[in-house]
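# Structural features, examined
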Amino acid sequence: MAMAANNNDKVSIVGAGNVGAMLAQRLLEHDLSDVVLVDIDEGLSRGKACDLQDASPIIGCEKEVIGTSDYSIIEGSDIVVITAGLPRKPGMTREDLIQKNAAIIRDVASQVRKFAPQSIVIVVTNPLDIMAFLAYKLLGFEANKVLGMAGVLDSARCSNIAAEELGIARTEIDSVVIGSHDTNMVPLLRFSQAQGTALDSILDNEKKASLTEKVKRRGAEIVSLLKSGSAFFAPSAACFSMIKSILKNEHLTQCASVLLNGEYGLRDIFIGVPVVLGRTGIEKIIELELTRKEREKLKNAADAIKKSVISLNIQP
Ligand code: APR
């Protein structure tokens, strides 16, 4: 079963679970690209692909979607998204997941390296910054072609929660969240704007602290409400927006976990920072002027990521 030859962009999604399937749906509803859903559970990926195909006449989608467990079908992908992994359970931290998901990333990265060596890879599997770094090391791709999805999601969460607090439209807030995709993340309220004014100058200290805390805990809040599985509507929307920036060559600035090479005083680490995304992947890393306090928080996040990475004993 191969995909018909055409000029469509091709996005392969490894992991046809909640995030993967919802992302596939978003890509098809926007008629953005052909989609390959790959899962270790072949029935799951094939079943979801059939269901998505059935929706195409209704939603007016001409793109193809295939479900498979055969990695050779991802050949020629413009983008490969890795969502394969175990989601967090209530009470489980992202760190608890590290060893299990690392084994999955090792498996998936070797297949992507073999069948889609020209692709841009977006990692979604948690713990995000660690899995993105591991994937980068194992893939051996250029640094501008491997990135982790987290900053767009965390920034959207910050905008949403701030909008509720201020009583203004969610789309009127543009937030910037850097650092790691866990409780060490660094919402930058000086760079986050509501109707053109920095959140830092609108909110009092108590509200700033409460907003920051709520953003940090949002993922865990959703995990405990769901009782099984983790968030997928917003993560898939965030991933879709990054894919669109890349395929449509939008040159948009979005936060993502990327390899730093001296920027922000950090190197040989994946961590969230603002980047410009276009057809070649990461076109530019934006280095914001941080205060000493902000830098310290970013450094704390980086130190924790490095500690976890050491525990993986990565041999590229
Ligand atoms: N190869 C391919 N697919 C795999 C593998 C593997 N080695 N191991 C697991 N999978 C698949 C599972 O069969 C499952 O269908 O990955 C899918 C994961 O889907 P869900 O359990 O629904 O998880 P989801 O909510 O999509 O989250 C995926 O994103 O947000 C993160 O923490 C989250 O790491 C998790 C990932």
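Everything in this summary refers to the structure shown in the same document. (Residues numbered from 1 in each chain as written. Predicted model: local features only at pLDDT ≥ 70, side-chain atom pairs only at ≥ 80, totals over all residues. Heavy atoms only, no water.)

## Looking at the overall build of the protein
In terms of helices and strands, the protein carries nine helices and 14 strands. Here the C-alpha atoms of the protein give a radius of gyration of 19 Å, agreeing with the 20 Å that 2.2 N^0.38 yields for 316 residues. Oriented by its inertia axes, the alpha-carbon framework of the protein measures out at about 60 × 45 × 40 Å. By the burial criterion, 53% of the 316 residues in the protein qualify as buried. Contacts spanning at least 24 positions in sequence make up 69% of the contacts within the protein whose residues lie at least 6 apart. By element, 49% of the accessible surface of the protein is carried by carbon and sulfur atoms, the whole surface being about 14300 Å². If you average the places of the 36 positive and of the 39 negative side-chain charges in the protein, the two averages end up 5 Å apart. (Helix = DSSP H or I, 4+ residues; strand = E, 2+ residues; numbered from the N terminus. Rg over C-alpha atoms; globule rule 2.2 N^0.38 Å. Buried < 20%, exposed > 50% of the residue type's maximum accessible area, 1.4 Å probe, protein only. Contact = heavy atoms within 4.5 Å. Areas by Shrake-Rupley, 256 points an atom, 1.4 Å probe, with all protein chains shown as cover. Lys, Arg positive; Asp, Glu negative; His and termini not counted. Charge placed at Lys NZ, Arg CZ, Asp CG, Glu CD.)

## Brief notes about the nonpolar core
Core analysis: the largest hydrophobic core is formed by 94 residues, its most contacted members being Val-81, Ile-122 and Ile-243. Excluding residues that lie within four positions of it along the chain, Ile-243 makes contacts with Val-11, Leu-23, Leu-27, Leu-32, Ile-79, Val-81 and Ile-122. Grouped together as the second largest cluster of nonpolar side chains are 13 residues, Ala-194, Leu-199, Leu-211 and Val-215 included. (Core = buried A, V, L, I, M, F, W, Y, C linked by side-chain atoms within 4.5 Å.)

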